[in-house]
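Spelled out, the chains give:
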Amino acid sequence: MDGEPLYSHLSRGAVMTRVVPHASISAFDYEDEDGDKITVRSDDEMKTMIVNYLNSTNEIAATSGNLQPLVIFPRASKSSDKRNIHGLKVKTKSPNAVPAGDPGIVHGSRKQQASDLQEILACGHISDAHLHYIEILGSGNGGTVYRAQHRPSGTIMAVKVIPLDITPEIQQQIISELEVLYKSNSPMIIGFYGAYFIENRISICTEFMDGGSLDKYGQIPETVLGRMAVAVVKGLHYLWNLKIMHRDVKPSNILVNTQGHVKLCDFGVSVQLVTSIARTYVGTNVYMAPERLEGNGYSIHSEVWSFGLSLCELAVGRFPYKAPDHSNSAIGLLNTIVKEPPPRLPDGIFSEGFIDFVALCMQKDPTIRPAPRDLLQHPFIVKNDDGNTEIIAAWVGAKLQQIQLRRIAHATSSA
Ligand SMILES: Nc1ncnc2c1ncn2[C@@H]1O[C@H](COP(=O)(O)OP(=O)(O)OP(=O)(O)O)[C@@H](O)[C@H]1O
């Protein structure tokens, strides 16, 4: 090509594949003449780097082949104790990793395997190359959740993969907002192992809960649901104290395991992530409070509504609203939620405390709904706050067995 330098046709991906064949993320830092670190995330930025490098080398060195190597750096990461509150054991000195203190990769001559590059746009120790995907756990509006094994530590985790078309700057913002999760350490909040972007997909790695989410259990008896409700109230309270709003309280975002633990997942810790998902995927959330559906703002009182509605559904075993024509029309359903009086738990089947708790949470006027502190003091929560995880564990275990037996029976009958 006339007059164009050779490197003008290089793609950053192609170059990085040659230098570090196993890296799937190709961003890095280099130092300019003033010693400032410059990040390279696009082909244009890489070309600028090469131009600057060539301009700064003297001609004799260039023609004699005695060029100083062009050094690039994986982006600095936090110390492992700050990142690794869940105690993942990872071989940090793998033969493929760039040794600490080694400035990095040199073009052409000193080919070095640098799997660490995968951590560039990431928080945590996890990279895709370390994961063995076992099965799909479920798919929601936008993402797919996998059960995967983190090979270096043997840990089984849930990996949620969401395709998002966003700029590298927004990716960076999401990753830094997710770092807050390292500070959260509550037994009622899903454990966070790390997150990373590959191309246009974010993967979020969290603790795996072998009971899955509450939406698959149908009706849950009050004795069990009451204990679950305590965990959810405490989890929400914990988030609210950190000034984090969940933004998506519903049965599919409440997870259980066979040890009787109940944890919240998918909360809006990264406002940028919530915004990017909302921009990319249009969905109807029937758990939204009436004021939110009408576009009148969002507060912790809106989460109290969603929680009350989730409890009501899990207690009766079906979503308590119907569209006026009994169709599945989303608009009809949302209209009913905004216009009609809220559903109530039926008398005579549930305790008075439970009926009152749901009724308070589902008041249509958000200003008179209880605040998080009041929820913790409500007699229904106080009564169920006995730390009895065995009752949840036994129920989840028995239900999972039933589900498994039903699956086997179904598979045998259709074989
Ligand atoms: N940490 C986890 N452990 C075990 N199962 C999980 C975990 N996280 C999610 N799941 C399962 O994966 C399913 C899909 O989750 P996902 O968050 O993609 O969708 P959703 O919450 O059902 O819907 P939406 O995306 O519309 O909010 C969940 O319903 C749950 O059963």
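About the cut-offs
- Residues numbered from 1 in each chain as written.
- Predicted model: local features only at pLDDT ≥ 70, side-chain atom pairs only at ≥ 80, totals over all residues.
- Heavy atoms only, no water.
- Near = heavy atom within 4 Å.
- Polar contact = N/O pair within 3.5 Å; in protein donor to acceptor, adjacent residues only side chain to side chain.
- Areas by Shrake-Rupley, 256 points an atom, 1.4 Å probe, with all protein chains shown as cover.
- Helix = DSSP H or I, 4+ residues; strand = E, 2+ residues; numbered from the N terminus.
- Nonpolar A, V, L, I, M, F, W, Y, C, P; charged D, E, K, R; others polar.
- Domains from an automatic or database assignment.
- Buried < 20%, exposed > 50% of the residue type's maximum accessible area, 1.4 Å probe, protein only.
- Pairing = 2+ DSSP bridges.

### What to know about the site of the ligand
Right, so step 1: Lys160, Glu207, Ser213, Lys250 and Asp266 are the nearest of the 21 residues found near the ligand.
Right, so step 2: For the ligand, an oxygen atom lies 3.3 Å from a polar atom in the backbone of Gly140.
Right, so step 3: At 3.0 Å from a nitrogen atom of the ligand is found a main-chain nitrogen or oxygen belonging to Met209.
Right, so step 4: Look at the ligand: alone it shows 610 Å² of surface, and the protein chains cover 85% of it.
Right, so step 5: For the shell around the ligand, the secondary-structure elements that each account for two or more residues are strand E6 (131-139), strand E8 (155-163) and strand E10 (201-207).
Right, so step 6: Considering each element in turn, the shell around the ligand owes the most residues, 3 residues, to E6.
Right, so step 7: The class makeup of the residues in the shell around the ligand is 7 nonpolar, 9 polar and 5 charged.
Right, so step 8: If you count residues domain by domain, the shell around the ligand takes at least three from each of domain 2 (114-207) and domain 3 (212-405).

### With respect to the environment of His326
Right, so step 1: Within the secondary structure layout, His326 lies in the loop between helix H9 (300-316) and helix H10 (330-339).
Right, so step 2: Taking the relative accessible area as the measure of exposure, His326 reaches 61% and is therefore exposed.
Right, so step 3: Sequence separation between His326 and Val161 is 165 residues; the distance between their C-alpha atoms is 35 Å.

### Some thoughts on the pairing of strand E9 (residues 192-198)
Right, so step 1: The buried fraction of E9 amounts to 7 of the 7 residues, a majority that puts the element mostly inside the structure.
Right, so step 2: Sheet analysis places E9 next to E10, joined by 6 bridges and oriented antiparallel. Looking at E10, one finds that Ile198 is bridged to Arg201.
Right, so step 3: Once E9 ends, the chain turns through 2 residues before running back antiparallel as E10, passing Glu199 with a positive phi of about 50 degrees.

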